[in-house]
Amino acid sequence: MIAFDNNGIWKINVDGTGLTRLTTTGLQPAWSPDGTRIAYHAPVGGKAQLFIVNADGTNPHQALTSGSVLDVVWQPSSRVLFGISGDLYSYDPTNPSSLARLTSSGGGNVEPSWSPDATQISWTDGTSGKTAGIWVMNADGTSKQGPVISKGRQGSWGR
């Protein structure tokens, strides 16, 4: 199945059958590792917030109350990655107190991506005064290295 946004969150089988609307609002859907839930962001009071919906469209709910959320990424980790106000965060939806700030430059950190084994994260660091590039860090935010690819953007891991 593929989840996508188009005036809400939708899913469809890869053969084009089974088109199903899951929500009426939302952007950047990201599947949970077990395929049972989808994280996305949707506006609340003018700011995009993190939401989660079951893959069958039931139980759409706001998972966090925070700053403007963007770049939502979930698989292959149990933690959801996303940006808030130019820094990267991770969050485990089963633990409401698990919000963790991974970067602290205050801007320019976007486009996170999980390594296949969920032990590392790559992201684009376009912090003011720096040359944009792709950086890498451990999943807990330690051991930041970069830029490993100068002027690169939106890295995606492979095996």
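Residues numbered from 1 in each chain as written. Predicted model: local features only at pLDDT ≥ 70, side-chain atom pairs only at ≥ 80, totals over all residues. Heavy atoms only, no water.

Trainee: What am I meant to see in the overall build of the chain here?
Mentor: The helix and strand tally for the chain stands at zero helices and 15 strands. The C-alpha radius of gyration of the chain comes to 16 Å, within 12% of the 15 Å expected for a compact globule of 159 residues. Across its three principal directions, the C-alpha atoms of the chain cover 45 × 35 × 25 Å. Burial analysis of the chain (159 residues in total) assigns 46% to the buried set. Relative to all contacts within the chain whose residues are 6 or more apart in sequence, the contacts with residues 24 or more apart total 26%. When the accessible area of the chain is evaluated, it comes to approximately 7,900 Å², of which 50% is carbon and sulfur surface. (Helix = DSSP H or I, 4+ residues; strand = E, 2+ residues; numbered from the N terminus. Rg over C-alpha atoms; globule rule 2.2 N^0.38 Å. Buried < 20%, exposed > 50% of the residue type's maximum accessible area, 1.4 Å probe, protein only. Contact = heavy atoms within 4.5 Å. Areas by Shrake-Rupley, 256 points an atom, 1.4 Å probe, with all protein chains shown as cover.)

Trainee: Mind showing me how you'd approach the nonpolar core here?
Mentor: One recurring pattern in soluble globular proteins: nonpolar side chains tend to sit buried together. Counting residues in hydrophobic clusters, the biggest one holds 14 residues, and the most contacted among them are Ala39, Leu50, Val72, Val80 and Phe82. For this core, the secondary-structure elements that each account for two or more residues are strand S6 (47–54), strand S8 (69–73), strand S9 (80–84) and strand S10 (87–91). With three residues, the top contributor of residues to this core is S9. (Core = buried A, V, L, I, M, F, W, Y, C linked by side-chain atoms within 4.5 Å.)

Trainee: Would you mind going over the environment of Pro33 with me for this structure?
Mentor: Along the chain, the position of Pro33 falls in the loop between strand S4 (27–31) and strand S5 (37–44). Sequence separation between Pro33 and Ser78 is 45 residues; the distance between their C-alpha atoms is 6.6 Å. Look past the residues within four positions of Pro33 in its chain and what remains in contact with it is Trp74, Gln75, Pro76, Ser77 and Ser78.

Trainee: What's the story with the layout of surface pockets in this structure? I'm lost.
Mentor: In this approach the atoms are scanned with a rolling probe the size of a water molecule, which exposes any empty space left behind. Here the largest pocket is characterised by a volume of approximately 250 Å³. Around the largest pocket sit 15 residues that line it, and Pro29, Asp71, Val72, Val73 and Pro112 are the ones nearest its centre. Mapped onto the lining of the largest pocket, the elements with two or more residues apiece are S4, S8 and strand S12 (109–114). Here the lining of the largest pocket is built from residues that sort into seven nonpolar, six polar and two charged. (1 Å grid on protein atoms, 1.4 Å probe; cavity = no way out; pocket = protein on both sides within 12 Å on 5 of 7 lines; lining within 4 Å. Points joined across faces, edges and corners; volume = space filled by probe spheres on them. Nonpolar A, V, L, I, M, F, W, Y, C, P; charged D, E, K, R; others polar.)

Trainee: What am I meant to see in the sheet that holds strand S14 (residues 133–138) here?
Mentor: Sheet strands line up and pair through hydrogen bonds in the backbone, either parallel or antiparallel. Across the sheet, which stays open at both edges, the four strands sit in the order S12-S13-S14-S15 with antiparallel pairing between neighbours. Since the sheet does not close on itself, it has two edges, and those belong to S12 and strand S15 (145–150), each with one partner. On average, adjacent strands in this sheet sit at an angle of 30° to one another, irrespective of strand direction. Pairing geometry for S14 and S15, over three bridges, is antiparallel. When the sheet's bridge partners are listed, Ile134 is paired in S15 with Ile149. (Pairing = 2+ DSSP bridges. Axes fitted to C-alpha atoms, helices over the stretch in contact; angles between N-to-C directions.)

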